[in-house]
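# Architecture and fold: a report
Take a look at the letters that make up each chain.
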Amino acid sequence: MTTIASNLQAVRDAMAVAATEAGRAPDDISLLAVSKTFAPEAIREACRAGQTRFAESYVQEALHKIAALHDLPLEWHYIGPIQSNKTRAIAEHFAWVHSVDRVKTAERLSVQRPAHLPPLQVCMQVNISGEASKSGVPPGEAAQLAMAIAQLPHLSLRGLMAVPEPGDDVNAQRAAFSQLRELFEQLIRQGLQLDTLSMGMSHDFAAAIAEGATMVRVGTAIFGDRTYHKETT
Ligand SMILES: *Cc1c(COP(=O)(O)O)cnc(C)c1O
């Protein structure tokens, strides 16, 4: 077995343990492999080990990989910051976007989604309290943004995404994920049809699963450590 294949197996096993401990069915949680900074060959290897859903954070880099891997039946998710001049590429080349946090961005994505494709599947990124990053809609404005996105014809609003402040304390991890789940349940009570809670990364996916994650986004634990580079275009 290659390293990527055995890492994938270890992540799947740990996800199943976390699900079972939480009294949940392991099949109710899907694994998104975060392949940013890794070469197409690493993605091919993960695909040979049964992984089909991949996530990217940098548009130019992703477009190159999507083109290079066109022969594979992969589902691409965009999880990075969304600049206005990148919305068209995202709308044309991805199945899902997890990082929508403004009405303007959502409107552009809807207008630019090609008519021959199914609606773009959307999660709103929420800036849950204590989050270091500035991305994400404040929780108090989430309902308003959700109602606006739900009206857009070429988007399908599926749920919420968050990136809590990193830390090793499991109770703190769970408290942050619990906030996102409570907001999710509140929006459902307000009439929105949501089914996706995108939360949990390499260091905290077990806590996220305990708090109700339906999709975890795991990079390092599958592909290894990343060398960061800044996108220039
Ligand atoms: C990079 C990234 C991940 C994956 O993080 P790991 O710690 O490598 O698992 C998940 N979500 C988002 C939004 C990311 O940018």
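Our subject is the structure that appears above.
These numbers come from a predicted model, not from an experiment.

What counts as what
Residues numbered from 1 in each chain as written. Predicted model: local features only at pLDDT ≥ 70, side-chain atom pairs only at ≥ 80, totals over all residues. Heavy atoms only, no water. Helix = DSSP H or I, 4+ residues; strand = E, 2+ residues; numbered from the N terminus. Buried < 20%, exposed > 50% of the residue type's maximum accessible area, 1.4 Å probe, protein only. Contact = heavy atoms within 4.5 Å. Axes fitted to C-alpha atoms, helices over the stretch in contact; angles between N-to-C directions. Parallel < 35°, antiparallel > 145°, perpendicular 65-115°, else oblique. Left-handed = near helix turned anticlockwise from the far one by under 90°. Nonpolar A, V, L, I, M, F, W, Y, C, P; charged D, E, K, R; others polar.

## A short note on the environment of Leu145
When you line up the elements, Leu145 lands in helix 6 (residues 142-150). By relative accessible area, Leu145 is classed as buried at 4%. On a C-alpha basis, the gap between Leu145 and Arg102 in space is 7.0 Å, while along the polypeptide they are 43 residues apart. When residues no more than four places from it in sequence are discounted, the contact partners of Leu145 are Val100, Asp101, Arg102, Val103, Met124 and Val137.

## With respect to the packing of helix 2 (residues 40-48) against helix 3 (residues 59-68)
Look at helix 2 against helix 3: their axes get within 10 Å of each other, and the N-to-C directions meet at 55 degrees. On the basis of the axis angle, helix 2 is oblique to helix 3. Taken as a pair, helix 2 and helix 3 cross one another with a handedness that is right-handed. Side by side, helix 2 and helix 3 meet where Pro40, Ile43 and Arg44 of the first sit next to His64, Lys65 and Ala68 of the second. When the residues that make up the contact of helix 2 with helix 3 are grouped by side-chain class, the tally is three nonpolar, one polar and two charged.

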